[in-house]
Amino acid sequence: MSKLREKTKSVRFKLFATMCIAITIIVAFLILINNIVLETFYLYSKTNTVRQVYKKINNYYKYNMTTGIESELKRIAFNNNFDIYIKSDNDVYIFSTDKDFYSTISRINSITNSHSNSFEIVYKDTDIKIVKVDDTSNNISYLLLSGTLCNGYELYIRIPIVPIEESVKISNKVLVWIGAVTILFSAFVANFVSKKFTNPILELNDITNKMSKLDFSQKYRVKDTEDEINELGKNINIMSEKLEKTIKQLRANNIELERDIEEKSKIDVMRKQFISDVSHELKTPIALIQGYAEGLVENVNSDGESRKFYAEVILDEANRMDKLVKQLLELMKLEYGKREFNNQEIDIVEITKEVIRKCNVMLKENNIEVEFENKEPIYVFADEFYIEQVITNYFTNAIKHCDEINGKKKITVKIEENNNNKVHFSIFNTGENIAEEDLDRIWVRFYKVDCSRNREAGGSGIGLALVKAIMNNYDCKYGVDNKENGVEFYFELNQLQENT
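Residues numbered from 1 in each chain as written. Predicted model: local features only at pLDDT ≥ 70, side-chain atom pairs only at ≥ 80, totals over all residues. Heavy atoms only, no water.

1. Overview of the overall build of the protein chain
- When its secondary structure is counted, the protein chain shows 13 helices and 13 strands.
- Classification of the 500 residues of the protein chain by burial places 35% in the buried group.
- Long-range contacts, defined as pairs at least 24 residues apart, comprise 63% of the intrachain contacts of the protein chain with a sequence gap of at least 6.
- In the form shown here, the protein chain has an accessible surface area of approximately 31400 Å², with 53% of it arising from carbon and sulfur atoms. (Helix = DSSP H or I, 4+ residues; strand = E, 2+ residues; numbered from the N terminus. Buried < 20%, exposed > 50% of the residue type's maximum accessible area, 1.4 Å probe, protein only. Contact = heavy atoms within 4.5 Å. Areas by Shrake-Rupley, 256 points an atom, 1.4 Å probe, with all protein chains shown as cover.)

Have a look at this one:
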């Protein structure tokens, strides 16, 4: 008994039982369709056909298209297995496809007019009537159309319907035999189908396939059964969950390790770059400090004024070194993403005015005219400290390189709002254009267009490198263009939106 119960739980038995039930239902349904629908549909189809033929013949006479009508009627009768008979309103013979059809019309009419059970009205309107006639004497059934044409002629169309009834009986017998044979054959087929083509096995195959590619998103849908496939599915789900947790942990550890390695590499590169830059740029100030310090020690100049000058040079170079080291550290932090920005709503017009005010002494000393027409506030979303640095670097750079053109030294500052929610800042100074090969190099740290690197006229060479690092952090455009009679530096910032 227990063995029989185990067999009934197997996929093989369930598949066989399902196939048997499905085949039985299908066969029964087809037999029902044959008995009820097929003959009804056949009669409906033939009724529509004879009606269309009646309309076609009626149109021939209605529009006087009687030339060659006999050959056309014969063709219609032959193609549809019809018998057609036409007579005038005076009982005069007009056309017939079968000489025997004329002799049987009166007998059929007597049957249809006798109200016997040998006929059934299928369709009727004002001009035509279609009846199904059971001719028991000849053991034949007809579908007979009788109607009046537009010219008064009487039209009769007959089509036999015995073959469809015989076909229904034959097809029913065939369906029963096919169903019986299929049910017996399914007992043998179920053994193979259950092993290869059942849905649970395909589902498990798909799951294990994805697991081999480290995709654990799909799980087996456990069912309320106790067969082998269901047990296998449960075990695969357990294995999938454990593997997923393990691999996630490994990935997390690997990402953290990669981040640590990348961080260490950045720090190493930053340290090497910083040491290289400092050692390169501090040679001159250290040499100056050393020389003047030795002069003081050796008392080269004994007067107080000279010693004061030596001390001021040492102090100036020390301050220069301090500023350079701080700028280098700031640049390193910006380039390697170690600086956090305090972005907020700021008025770039007000910041520009403040920068111009701070540089007012330098402007007067160099006799430079500044043109800045913006009055209304323009807001951007950025860090005020760094944006002020960018504007200051651009402005002081413009002052240093501003030359007299047409009798004037002029700096023009413009701030414009674009349609793409960007603010465009530009500063133009009169003077010589920058050589084409230097347009990209000026953004590199310590690079100066002036090859002599005059310490009085030039800065540290870090200003534009700082601008580049700040704008790269904002992922915004910056650059320089040669213009007629001068040079224009520019940058863009994101404009503060209303919902920000």
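2. A short note on helix 3 (residues 69–80)
- Under the 1.5 Å per step criterion, the end-to-end length of helix 3 is 17 Å for twelve residues, consistent within 8% with the ideal 16 Å.
- Along helix 3, the residues classified as buried are Ile69, Glu72, Leu73, Ile76 and Ala77. Considered in projection along helix 3, the buried side chains sweep an arc of 135 degrees and stay on one side of the axis. The exposed set on the far side of helix 3, more than 90 degrees from its buried face, consists of Ser71 and Phe78.
- Taken from the residues just after helix 3, Asn81 is the one with a positive phi, measuring 60 degrees. (Expected span 1.5 Å × (residues − 1). Arc of directions from axis to C-beta.)

3. Details of the pairing of strand 1 (residues 83–87)
- The buried fraction of strand 1 amounts to five of the five residues, a majority that puts the element mostly inside the structure.
- Covered by surrounding structure in strand 1 are Asp83, Tyr85 and Lys87 together with Ile84 and Ile86, the residues of both alternating faces.
- Here strand 1 runs beside strand 6 (residues 154–160); their pairing, made up of five bridges, is antiparallel. Following the sheet pairing, Lys87 is matched in strand 6 by Glu154.
- The turn linking strand 1 back onto strand 2 (residues 93–96) is made up of five residues, and Asp91 within it adopts a positive phi angle of 70 degrees. (Pairing = 2+ DSSP bridges.)

4. A short note on helix 12 (residues 384–400)
- Along its 17 residues, helix 12 runs 24 Å from first to last C-alpha, staying within 8% of the 24 Å computed at 1.5 Å per residue.
- Along helix 12, the residues that are buried comprise Tyr386, Ile387, Val390, Ile391, Asn393, Tyr394, Phe395, Thr396, Asn397, Ala398 and Ile399.
- Capping of helix 12 at its N-terminal end is provided by Asp383; its side-chain oxygen lies 3.0 Å from the backbone amide nitrogen of Phe385. (Polar contact = N/O pair within 3.5 Å; in protein donor to acceptor, adjacent residues only side chain to side chain.)

5. Notes on the confidence of the model for the protein chain
- On average, the protein chain scores 77 in pLDDT, and the residues at 70 or more come to 74%.
- Helix 1 (residues 2–9) is the least confidently modelled element of the protein chain, averaging 60 in pLDDT, while strand 11 (residues 422–430) averages 93, the highest of any element.
- pLDDT under 50 marks residues 451–458. Its contacts with residues more than four places away, or in other chains, come to twelve contacts. (pLDDT = per-residue confidence, 0-100.)

6. Digging into the nonpolar core
- Core analysis: the largest hydrophobic core is formed by 43 residues, its most contacted members being Ile348, Tyr394, Phe395, Ile411 and Phe489.
- Where this core is concerned, the elements lending two or more residues are helix 10 (348–358), strand 9 (379–382), helix 12, strand 10 (410–417), strand 11, helix 13 (463–474) and strand 13 (486–494).
- For this core, the element with the highest residue contribution is helix 12, accounting for eight residues.
- For Ile411, the residues in contact, after removing those within four places along its chain, are Leu363, Ile368, Glu369, Val370, Glu371, Phe395, Ala398, Ile399, Cys402, Ile427, Phe428 and Asn429.
- Tyr42, Val53, Ile86 and Ile161 belong to the second-largest nonpolar core, a separate cluster that totals 25 residues. (Core = buried A, V, L, I, M, F, W, Y, C linked by side-chain atoms within 4.5 Å.)

7. Notes on the sheet that holds strand 11
- Pairing is mixed in the open sheet, where five strands are placed in the order 8-10-11-13-12. At either end of the open sheet lies a strand with only one pairing partner, and these are strand 8 (369–372) and strand 12 (478–483). Geometrically, the sheet is characterised by an average inter-axis angle of 15 degrees between neighbouring strands, direction not taken into account.
- Sheet topology places strand 11 next to strand 13; nine bridges connect them, and they run antiparallel. (Axes fitted to C-alpha atoms, helices over the stretch in contact; angles between N-to-C directions.)

8. Considerations on the side chain of Lys422
- The residue Lys422 is located in strand 11 in this model.
- Buried charge without a partner: Lys422 forms no salt bridge, and the closest opposite charge is Glu492, 5.3 Å away.
- Within polar-contact distance, the side chain of Lys422 engages the side chain of Asn494 at 2.5 Å.
- Excluding residues that lie within four positions of it along the chain, Lys422 makes contacts with Glu416, Glu417, Cys476, Glu492, Leu493, Asn494 and Gln495. (Lys, Arg positive; Asp, Glu negative; His and termini not counted. Salt bridge = Lys/Arg side-chain N within 4 Å of Asp/Glu carboxyl O.)

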